[in-house]
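# Descriptive structure summary
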2 protein chains.
Amino acid sequence: MFDSLTYQKRRKALREKMSNGIILILGNNEAPANYPDNTYKFRQDSSFVYFFGHSHPGYAGIIDIDNGKDYFFGNDVDMDDIIWMGPQPSVKELAAQVGVEKSYPFDMLKEIVGKAIAQRRKIHFLPPYRYDNMMLLEDLTGIRASMTKQHASLELIKAVVSLRSVKEECEIAEIDKACNVGYEMHTAAMRLCKPGVSEQYIAGVLDGIASSYGRMVSFATILTQNGQTLHNHDHSHILQEGRLMLTDAGAELMNYYCSDHTRTIPVGGKFTGRQRDIYGIVLACHDKALELARPGVTYKSVHLEVCKVLTEGLKGLGLMKGNTDEAVAAGAHALFLPHGLGHMMGLDVHDMEDLGQCYVGYDEEVQPSTQFGLASLRMGRKLQKGFVITDEPGCYFIPALIDKWKAEKLHTNFLNFDEIEKYKDFGGIRLEDDILITENGSRFLGEKRIPITFDEVEAIMNE
Amino acid sequence: MFDSLTYQKRRKALREKMSNGIILILGNNEAPANYPDNTYKFRQDSSFVYFFGHSHPGYAGIIDIDNGKDYFFGNDVDMDDIIWMGPQPSVKELAAQVGVEKSYPFDMLKEIVGKAIAQRRKIHFLPPYRYDNMMLLEDLTGIRASMTKQHASLELIKAVVSLRSVKEECEIAEIDKACNVGYEMHTAAMRLCKPGVSEQYIAGVLDGIASSYGRMVSFATILTQNGQTLHNHDHSHILQEGRLMLTDAGAELMNYYCSDHTRTIPVGGKFTGRQRDIYGIVLACHDKALELARPGVTYKSVHLEVCKVLTEGLKGLGLMKGNTDEAVAAGAHALFLPHGLGHMMGLDVHDMEDLGQCYVGYDEEVQPSTQFGLASLRMGRKLQKGFVITDEPGCYFIPALIDKWKAEKLHTNFLNFDEIEKYKDFGGIRLEDDILITENGSRFLGEKRIPITFDEVEAIMNE
């Protein structure tokens, strides 16, 4: 947790961006896995953490826009709780730690929200994503649980996005730390990646490192020799010599700040010629983004420039053809890169995704596309100093997609399907780093960069 | 997964125990951590796994009691799913794998349940514990989400409990495997337990082992030098020489079968005299349970015999006094052992806890107690061959509870508070193994027993 002033300042800034009414920020509760008391590791709501700091189930906060007061809701522990969970500070003390004077038992939330509703005051809340909180919102506001998301406050969403998008110095320091844990995870994976080792074994070790040095992984680890499957959470294979192992994994600190990196490395420790060809193109894409990303530039334009580097590279290998600008404008390259260049990162690995990607990654100036590939770009808008984003180009050979496009004769003026056929057993490559947008450009987050050049990767794999 | 016949047999057995109507078994969905698409590791509902085998979000099953037919619900994947998650078998194929002929898209569930309701047939469902399933049940049946639990079918609960309580050979083999992973976890903890190491580091390593060899931990690991706090999920301390580290941890295999073991070991690798005194008593309690547990004996009676061993031991140290039987009948020993001797284990670490402890651990013959301590005994009823239960006595010195009882002058005829005061810095000890009730007694589950004697523990810690 940061000092109480940090939270007071954030709530004041939020209040100033809003017109009137009360802002209701619900914390998360325990999430049952297979019965009510067997719960997953607790994960607080990120906006609650941002404005009210505390990481424990059963809390809520209210920020009153009109009277300038904040309220903290939670229940004090009883003797049973002390026996089972040990002594805990009082809710009054917890509230004081984040600069809130007024604290109440949780049940009072209904009374206070009810009073505001009776006074016809606007109740602003963020889109719920936990079903228990949807049911709580139904109980508090009378809106049907399944409809609560549609009643979230757009004014509040936009205000929260504008604050959380620009990372404070204290947040950047935490993200740097999370990236250091990410470094440990990825270098461990590089050392363990040998033919005959199971994907699951290595993925488990990464889970362990994330838990030993933070709270848990920031998302379900992708670790696979089938990197062509973009969100492959299957770890059932035994690594085979000659394949590529793609690892997309990150850590979440105890205070929830994240890391998110991807490396793709040759099982056996030596890139083949064909792997070097494709890897070199993806690395050039990655570097292109680093070269271009700076305040004032839209990330959509960076994405499109990167797609041109990819297209040029694939033309060099005979997989694509024709005019590069036209190919990218048509979306032909999306056969190989069906996802976007990156996303915001912070307290969430896809930062604020619960608030709506169209508000986090887009604005009036830059609107989401509907074109296959570009439509999956999560972050398109103009970069600002203090943004933390991922730079994660990739190049994949997805047999089912290749077959589909070939059958439909899509983009035949830009794609050499005969050549592409030869790569259907290739797999996929993605390279991802987390970067901070600075005054004049960007910098990597974390103390050391995870090995990425051919020499660096082969060196650590053959230590 | 087991062969299709296993699931067919189970559904047939369930059908035969029920009177009429349809049985609705909902699978689990993804559980969002901090936004809809960032989900915890998937955890299927155990009863769904038991009757329909498959471990994937978005499934449901119906067992029609009257017409003898089974139905499997789920959606086939589309091209987008294949790109992001790889090729998947069809729902028809999945259904066939578990011996179900009829499969439908998930949306058909509403039509089929609706038709049964219109025909005034009874809809049996188990108590929901996931809030999204409560909302789904509201949508299917019209019962308010928050009230669905109260409308669960007691007939179905009792039928499922009677089946799942007695483990089949194929299940026992899986629990043995889970216990082998537990062995790796606990022996790793013993090797890492040194002064200056953080609890969190070791707990993280255990998370990693559970993930490398199974799905995840079977419950949030308790690993603490403050063992007097019974469900202490705080791992924020650095281990100190002279303290005891209590580790209560288990693994869950990919198919969800569990392990659950506890060991308490001296930080630094050598038990002190006082630690030996208490540890020896707890070990004697543990052995007493092993000696008594067999078919036909109630676990409540075993629990009470164990409490007598505890009381005898504490009398020997001058912490308790008076008549042992009277002390145990009065519940005086519960100051040191406020929990029960054990619980059922299987697909859930507290097996079937979602169905209601009073149906799983009790029956018409043995009813739950309201006495402090005994009330926390999860398993009281008569043991049967094929039951898998935990044997987990403990002895704790909980300062807040000691202060409370002393102030209230509770059980002063059995408790020597002056002596007890001297142990307020002791911590707590618990020793737990998983046992199978056999024809004539019981056996440990897992290939090797985790070190438990003084010599075994000190040997592995000083390797």
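Quantities reported herein were computed from a predicted structural model and do not represent experimental measurements. (Residues numbered from 1 in each chain as written. Chains lettered and ligands numbered in written order. Predicted model: local features only at pLDDT ≥ 70, side-chain atom pairs only at ≥ 80, totals over all residues. Heavy atoms only, no water.)

This paragraph deals with the nonpolar core. Counting residues in each nonpolar core, the largest one holds 150 residues, and the members touching the most others are L24(A), F72(A), L109(A), I278(A) and F336(A). Element by element, the count of residues in this core is highest for helix 8 (residues 169-192) of chain A, at 10 residues. Membership of the second largest hydrophobic core comes to 131 residues, among which are Y183(B), C285(B), A327(B) and F387(B). (Core = buried A, V, L, I, M, F, W, Y, C linked by side-chain atoms within 4.5 Å. Buried < 20%, exposed > 50% of the residue type's maximum accessible area, 1.4 Å probe, protein only. Helix = DSSP H or I, 4+ residues; strand = E, 2+ residues; numbered from the N terminus.)

Each partner contributes to the interface: chain B provides 63 residues, whereas chain A provides 64 residues. Counting across the interface, chain B meets chain A through four salt bridges. Close ionic contact of K41(B) with D207(A) constitutes a salt bridge, the shortest N to O distance being 2.8 Å. On the surface where chain B and chain A come into contact, there are 32 residue pairs in polar contact (both at pLDDT 80 or more). Residue assignment for the side of chain B that touches chain A shows that the elements contributing at least two residues are strand 2 (32-35), helix 3 (79-85), helix 6 (131-141), helix 9 (199-213) and helix 14 (399-407) of chain B. A class-by-class count of the residues in the side of chain B that touches chain A yields 30 nonpolar, 20 polar and 13 charged. (Contact = heavy atoms within 4.5 Å. Salt bridge = Lys/Arg side-chain N within 4 Å of Asp/Glu carboxyl O. Polar contact = N/O pair within 3.5 Å; in protein donor to acceptor, adjacent residues only side chain to side chain. Nonpolar A, V, L, I, M, F, W, Y, C, P; charged D, E, K, R; others polar.)

Attention now goes to the packing of aromatic side chains. Evaluation of the coordinates by the stated rule reveals 37 aromatic pairs over all chains. A centroid spacing of 5.7 Å and a plane angle of 65 degrees characterise the contact between F372(A) and W405(A), whose relative ring orientation is edge-to-face. Within this pair, whereas F372(A) is found in the loop between helix 13 (357-360) and strand 13 (388-391), its partner W405(A) is found in helix 14 (residues 399-407), the two being separated by 33 residues in sequence. On the basis of relative accessibility, which here comes to 34%, the residue F372(A) falls in the partly exposed class. When its relative accessible area of 5% is taken as the criterion, W405(A) is described as buried. Ring geometry for Y59(B) versus F72(B): centroids 5.1 Å apart, planes at 55 degrees, classification tilted. Of this pair, Y59(B) sits in the loop between helix 2 (46-52) and strand 4 (60-64) while F72(B) sits in strand 5 (residues 70-73), placing them 13 residues apart in sequence. Accessibility expressed as a relative area gives 8% for Y59(B), which makes it buried. Judged by its relative accessible area of 0%, F72(B) falls in the buried class. Taken together, the ring pairs connect F48(A), F52(A), Y59(A) and F72(A) into an aromatic cluster. Sitting above the plane of the Y50(A) ring, R10(A) keeps its charged end 3.9 Å from the centroid. (Phe/Tyr/Trp six-rings, centres within 6.5 Å; stacked < 30°, edge-to-face > 60°. Lys NZ or Arg CZ within 6 Å of the ring centre and 35° of its normal.)

A word on helix 7 (residues 154-165) of chain B. Residue and element names in this part refer to chain B. When the terminal C-alpha atoms of helix 7 are compared, their 16 Å separation across 12 residues agrees well with the 16 Å that a helix rising 1.5 Å per residue should span. Burial in helix 7 covers these residues: L156, I157, A159, V160, V161, L163, R164 and S165. Contacts made by the buried residues of helix 7 are with helix 1 (4-17), strand 1 (22-26), helix 2, strand 7 (123-125) and helix 13 (357-360). (Expected span 1.5 Å × (residues − 1).)

Residue and element names in this part refer to chain B. Counting buried residues along strand 4, five of its five residues qualify, which places the element largely inside the surrounding structure. Every second residue of strand 4 is oriented toward a common face, with A60, I62 and D64 on one face and G61 and I63 on the other, all of them buried. The pairing of strand 1 with strand 4 spans five bridges and is classified as antiparallel. Bridge pairing in strand 4 places I22 opposite D64. Taken together, strand 4 and the strand that follows it, strand 5, pair antiparallel across an intervening segment of five residues, in which G68 is found at a positive phi of about 75 degrees. (Pairing = 2+ DSSP bridges.)

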